[in-house]
Amino acid sequence: MEPIDPYDFFRLKDSLTDDERQVQETVARFVDDRVLPVIDEAFESHRFPQDLIPEIASLGLLGCNYEGYDCAGLNNVCYGLVCQELERGDSGLRSFVSVQGSLVMYPIYAMGTEEQKQRWLPAMARGEKIGCFGLTEPDGGSDPGTMKTHAKRDGGDWLISGAKMWITNGCIADVAVVWAETDEGVRGFLVEKDMPGYTTREIKRKMSLRASITSELFLDNVRVPDANRLPGAEGLGAPLSCLTQARYGICWGVIGAAIACYQEALDYSKVRVLFGKPISHTQTVQRRLSDMSRRITLGQMMALQLGRLKDDKKMHHTQVSMAKWNNCRTAMDVARDARDLLGASGICVECCPIRHMLNLESVITYEGTETIHELIVGRELTGHAAF
Ligand code: TGC
Ligand code: FAD
């Protein structure tokens, strides 16, 4: 019998196709060669490594699970593996790819006109245009149905006013998908960066996702032509369906962060000698490492099954909620325990668990907090919304 791979305990790689394995290996190489050497410095200096965008684009990772429009046309398991490998590097990079692909290209692809698709999708797949997604507002992100940003018809245009908060990529975006209340219900608009009345401001001094840009968006009577409205986006279900796409990627991504932390803790435990023996020889450390491995394995299985369901068009958004909740919690617990196993060294940025642990504080909050996902599952089970 071959020995067990500690990072693939249940041989899930055996159930990947050759193409899926190749995608994973290609992105893993990119992360090892190009991301890991720079990420500590980027995190420390609160800098998004924007110079990596052309390489990410040339690997075909932006909007990689869409067909046509210069997109790679990969399946959803491949997209998940891309997220997993990128987040093994840093949640900030996976966030960039999630927002560009799942939150901006997706609504244009699924709800846009042919003209909007031709104009934006190829340029976004090539990384020449960057997008952001404005749903959350300062008064509370968990309940987007109460958004205050509104759009009013004015002849053939719309006038949009309001503010959006905590928006990934905001300051570097050429286009913002802005969700606004109208007399006809919630609608989605493509707001372009040079439209008069539209401004952005970076949110600084974050202790989490420091290698990612987070911004506020301000809209002061911004005149947007009706041609920039997404005609297929009607009602709150439209932005929520985009969240399903991005949450799906997070379910995979955070497993990458957990693997990075577990790998570092496992290696360290074999060389840290205390009381005359490596700590890996003690029962408590073995139990903790086994528990990390168990949690990661369960998360990997959940992500893979979710991917197969998505590729079979059978995935329900409540399943995504359960997996987002489970896998973020797994990654957070593994990162914290790995940090502790490294002792004092674990508080330094040279050791990845503290960086991942801090990043995961955002990931467990954005795209629906843990509580919101528990309540979404609770609603499914009981038929009663307890939000
Ligand atoms: P509710 O009545 O549940 O839903 C309204 C309509 O939408 C449908 N729907 C969904 N459709 C697709 N996917 C989903 N996930 C959906 N959830 C609901 C639903 O069937 C209904 O359709 P219809 O036809 O019956 O009208 O709406 P509610 O107001 O009760 O909201 C429920 C709740 C709490 C679940 C929802 O508001 C929610 O998910 N809140 C969390 C908000 C959130 O996750 N925000 C994320 C902002 S974006 C972000 O964080 C990006 S971070 C990116 C990065 O950097 O990686
Ligand atoms: P709140 O909604 O105010 O929640 C506060 C607390 O109340 C939470 O613990 C929550 O779980 C709890 N709570 C809420 N409702 C209930 C209830 N009914 N019962 C019990 N407890 C409840 N948004 C975007 O639109 N686009 C982006 O690109 C984006 N990027 C982000 C990047 C980062 C780094 C971060 C941190 C956030 C980002 N967000 C983005 C915003 C994110 O989606 C919101 O922060 C999130 O939805 C939670 O909203 P909130 O922060 O306003 O918390």
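Report follows, based on the coordinates. Predicted model only: the values in this text are computed from it and were never measured.

**Examining the overall build of the protein**
Across its full length, the protein carries 10 helices and 10 strands. Relative to its length of 387 residues, the protein is compact, with a C-alpha radius of gyration of 21 Å against a globular reference of 21 Å. Counting only C-alpha atoms and orienting by the principal axes, one finds that the protein spans roughly 80 × 45 × 40 Å. Out of the 387 residues in the protein, the part that is buried amounts to 56%. Excluding contacts between residues fewer than 6 apart, the proportion of contacts in the protein whose partners are at least 24 apart in sequence is 76%. Of the roughly 16900 Å² of accessible surface on the protein, a fraction of 52% belongs to carbon and sulfur atoms. Each charge class in the protein can be summarised by its mean position, and for the 43 positive and 53 negative side chains these summaries are 3 Å apart.

**Re the site of ligand 2**
The local shell around ligand 2 holds 20 residues, among which Thr136, Gly141, Ser142, Trp166 and Thr369 are the closest. For ligand 2, a nitrogen atom lies 2.7 Å from a polar atom in the side chain of threonine 136. The backbone of glycine 141 places a nitrogen or oxygen atom 2.6 Å from an oxygen atom of ligand 2. Expressed as a share of its isolated accessible area of 980 Å², the protein-covered part of ligand 2 is 67%. Among the secondary structure elements, those contributing two or more residues to the shell around ligand 2 are strand 3 (157-168) and helix 10 (370-382). Of the residues assigned to the shell around ligand 2, the class counts are 9 nonpolar, 10 polar and 1 charged. A domain-level breakdown of the shell around ligand 2 finds at least three residues from each of domain 2 (131-234) and domain 3 (238-382).

**Concerning the site of ligand 1**
What surrounds ligand 1 is a group of 26 residues, the closest being Ser95, Thr244, Arg247, Gly368 and Arg379. In the model, an oxygen atom of ligand 1 is placed 3.3 Å from a nitrogen or oxygen of the arginine 94 side chain. At 3.3 Å, a backbone N or O of leucine 240 approaches a nitrogen atom of ligand 1. For ligand 1, whose accessible area on its own is 1100 Å², the fraction buried by protein is 71%. Of all the elements in the fold, those that place two or more residues in the shell around ligand 1 are helix 4 (91-111), helix 6 (237-271) and helix 10. Per-element accounting of the shell around ligand 1 gives the leading share, 6 residues, to helix 6. The class makeup of the residues in the shell around ligand 1 is 11 nonpolar, 11 polar and 4 charged.

**Looking at the nonpolar core**
As a rule of thumb, nonpolar side chains are buried together in soluble globular proteins. With 41 residues, the main nonpolar core has Ile56, Leu86 and Trp252 as its most contacted residues. Sorting the residues of this core by element identifies helix 1 (18-44), helix 2 (53-58), helix 3 (76-89), helix 4, helix 6, helix 7 (283-311) and helix 8 (317-341) as the ones contributing at least two each. In contact with isoleucine 56, not counting residues within four places along its chain, are Phe30, Leu61, Leu62, Leu93 and Val97. In terms of nonpolar packing, the next biggest core, distinct from the first, is built from 29 residues, Leu209, Ala258, Ile259 and Val363 among them.

**Looking at the environment of alanine 176**
If you trace the backbone, alanine 176 turns up in strand 4 (residues 175-182). In the structure, alanine 176 is positioned 46 residues away from isoleucine 130 in sequence and 8.8 Å away in space, judged by C-alpha atoms. In contact with alanine 176, other than residues within four places in its own chain, are Cys132, Phe189, Leu190, Val191, Tyr198 and Leu217.

**Concerning a nonpolar patch on the surface**
On the surface, a nonpolar cluster with roughly 470 Å² of combined accessible area is contributed by Ile4, Phe9, Phe10, Leu298 and Met301. With respect to the helices and strands, the residue methionine 301 is situated in helix 7. For methionine 301, a relative accessible area of 31% translates into the label partly exposed.

**Thoughts on the pattern of salt bridges**
One pass over the structure, following the stated rule, counts 32 salt bridges. Across the salt bridge formed by glutamate 55 and arginine 34, the nearest N and O atoms sit 2.6 Å from each other. Linking glutamate 55 in helix 2 with arginine 34 in helix 1, this pair joins segments that are 21 residues apart in sequence. Its salt-bridge partner being glutamate 361, residue arginine 336 comes within 2.6 Å of it at the nearest N-O pair. With arginine 336 in helix 8 and glutamate 361 in helix 9 (residues 352-363), this pair connects stretches of sequence that are 25 residues apart. Overall, the relative accessible area of 38% leaves arginine 336 in the partly exposed class. On the basis of relative accessibility, which here comes to 34%, the residue glutamate 361 falls in the partly exposed class. Residues joined by salt bridges that share partners form a network here, namely Asp291, Arg294, Arg295, Arg329, Asp333 and Glu370.

Calculation criteria
- Residues numbered from 1 in each chain as written.
- Chains lettered and ligands numbered in written order.
- Predicted model: local features only at pLDDT ≥ 70, side-chain atom pairs only at ≥ 80, totals over all residues.
- Heavy atoms only, no water.
- Helix = DSSP H or I, 4+ residues; strand = E, 2+ residues; numbered from the N terminus.
- Rg over C-alpha atoms; globule rule 2.2 N^0.38 Å.
- Buried < 20%, exposed > 50% of the residue type's maximum accessible area, 1.4 Å probe, protein only.
- Contact = heavy atoms within 4.5 Å.
- Areas by Shrake-Rupley, 256 points an atom, 1.4 Å probe, with all protein chains shown as cover.
- Lys, Arg positive; Asp, Glu negative; His and termini not counted.
- Charge placed at Lys NZ, Arg CZ, Asp CG, Glu CD.
- Near = heavy atom within 4 Å.
- Polar contact = N/O pair within 3.5 Å; in protein donor to acceptor, adjacent residues only side chain to side chain.
- Nonpolar A, V, L, I, M, F, W, Y, C, P; charged D, E, K, R; others polar.
- Domains from an automatic or database assignment.
- Core = buried A, V, L, I, M, F, W, Y, C linked by side-chain atoms within 4.5 Å.
- Patch = residues over 30% accessible without salt bridge, like charges linked within 9 Å, V, L, I, M, F, W, Y side chains within 5 Å.
- Salt bridge = Lys/Arg side-chain N within 4 Å of Asp/Glu carboxyl O.

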